[in-house]
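Structural characterization, general
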Amino acid sequence: MKFLQKSLPLLARLTLIFTFLVILAGSVVRVTQSGMGCPDWPKCFGYYIPPTDPDQVNFHPNQAYKKNMMVIVNDTLWRARQDFSATPIFDRTQWEKYPKHDYADFVVYQTWVEYINRLLGALLGLFVFAVMVASLSYLKSNKWVPIYSFALLFLTGFQAWLGKLVVDGNLIPQSISIHMLGALLLLLFAQLLLNRIKRKSSAPLGKPNLSWIALGAVFLTVIQVLIGTQVREEIDVIADQFGHQQRNLWIDSLSSVLTLHKAFSMVLLAINGILIYQLLQLNNNVRTKQARILGGLLLTEIMLGIVLNYINIPQAAQSLHLLVSCLIFSMQFGVFLSLRGREAVISR
C-alpha cells in the first residue's frame, strides 16, 4: 500500500503530461487532415501496426488475408469477411464494403500521424488505469483521491468512445467540439487529484477574493477554447473548399465567429491582467512565479494569434495555439487550487 501511495503523485503528473501530449497530437491530426488516416478503430486498415506503403492496401491475387483486413479497390474501401486466400480476380463475395463510411484514401504520413495520436491516447489510458489502482490505497484516508481517479478513468473511456464515433462518422463536427471539452475536463481532474494528494500551500493568500478571479479566468478560457473550436471547424470546411490551397484567403472567408473570438480575447486579457497584477502585489515568490508563467503563456498565445491572422494560418501555429490555450487553462486552475488550498488552511 505504501508503494502505491508513493507512486500516485508521479502517475498523476504523467497523466497530466500525456493529456497535453494527446491534445497536441489531436490538433496535429486536425491540421494535417489526418483524422481519417486510419479509417477503422481501434485497428488501422485492419492492422495493429498500420501500413507503411500504399501497395499494402492494394488487392493482391492469391494473398492470404485475415478477417477485417482492408483493401482499396476502385476508390472503395473493402473489408475481409473472414480469413481466406484471395482468388486471382477480386471476388466481392469474400469482401464487404466498409459499412461505417465511404472514405477510401491512403496517405502514409496521415495514417501514421493518426496512429501516433492513438498510441499516445492508449498510453494515457494505461497511466489513468494505474492511477485508479494506486488511488485505492487512499480509500480510508482520503476518499476524494479515488473519486477523482475514477472520474479520470471515466473521462478517458468516454474520450476513447467518442474518438471511435468521430472516425466512424467521418469527423462529425459536433463530436469534435465535445472531444475538446472532454480533454479540458481531463486536465481539470488530473489537477484536482494532484492537489488533493499534496494538499499543501506555503504562500500567503493576502486577498480573499483572488481565488474567485482565478476561477472566473478559468471559466472564460473554457468559453474561448470552445469558440476557437468553432473557428477551427469553419477553417476545416473552408480548407476543403479551397482544396487546402490558397491559405491566404482562408481568414477572409471566415464568418463572424472569428470576430467573436477576437473580441472575447480582449475580455480574457483583461481578467488575466487583473489576476497577474494581484498575484504580483502579494510580493511572494510562489505567486510571482505563477504570475510570470501565466503572463508568458498569454504573451505567447497573443503572438500565435497574430501569426495565424497575418501569416496565412500555418499548421504549426494552429497546433501550438491550441496547446498554449490549454496550458493557460491549466495554469489558471492551478492558481485557483493553490489559493483555495491556502484559504482552507486559514479557515481551520
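Look up: the structure comes first, before these words.
My aim in this report is to walk through the structure given alongside it, one point at a time. (Residues numbered from 1 in each chain as written. Predicted model: local features only at pLDDT ≥ 70, side-chain atom pairs only at ≥ 80, totals over all residues. Heavy atoms only, no water.)

Some points on the packing of aromatic side chains
Working definition: an aromatic ring pair is given by the centre-to-centre distance plus the angle between the planes. One pass over the full model with this rule turns up 16 aromatic pairs. Aromatic side chains tyrosine 148 and phenylalanine 189 sit 6.1 Å apart centroid to centroid with 55 degrees between the ring planes, which places their arrangement in the tilted category. Here the residue tyrosine 148 occupies a position in helix H3 (residues 144-168), and phenylalanine 189 occupies one in helix H4 (residues 173-198), the gap between them amounting to 41 residues. Residue tyrosine 148 is classed as buried on the basis of its relative accessible area, which comes to 12%. With relative accessibility at 21%, the residue phenylalanine 189 sits in the partly exposed group. Among the aromatic residues, ring-to-ring pairing joins Phe59, Tyr65, Trp78, Phe84, Phe90 and Trp95 into one connected group. (Phe/Tyr/Trp six-rings, centres within 6.5 Å; stacked < 30°, edge-to-face > 60°. Helix = DSSP H or I, 4+ residues; strand = E, 2+ residues; numbered from the N terminus. Buried < 20%, exposed > 50% of the residue type's maximum accessible area, 1.4 Å probe, protein only.)

Observations concerning the state of the cysteines
Evaluation of the coordinates by the stated rule reveals 1 disulfide. At a sulfur-sulfur separation of 2.1 Å, the disulfide partner of cysteine 38 is cysteine 44. Across the S-S bond linking cysteine 38 and cysteine 44, the dihedral sits near -85 degrees, which makes this disulfide left-handed. Note on accessibility: cysteine 38 and cysteine 44 belong to one class, buried. (Disulfide = S-S within 2.5 Å.)

Description of the side chain of asparagine 309
Its place among the elements puts asparagine 309 in helix H7 (residues 285-310). Engagement of the side chain of asparagine 309 in a polar contact is seen with the side chain of lysine 262, the distance being 3.1 Å. Setting aside chain neighbours within four positions, we find asparagine 309 in contact with Ile251, Leu258 and Lys262. (Polar contact = N/O pair within 3.5 Å; in protein donor to acceptor, adjacent residues only side chain to side chain. Contact = heavy atoms within 4.5 Å.)

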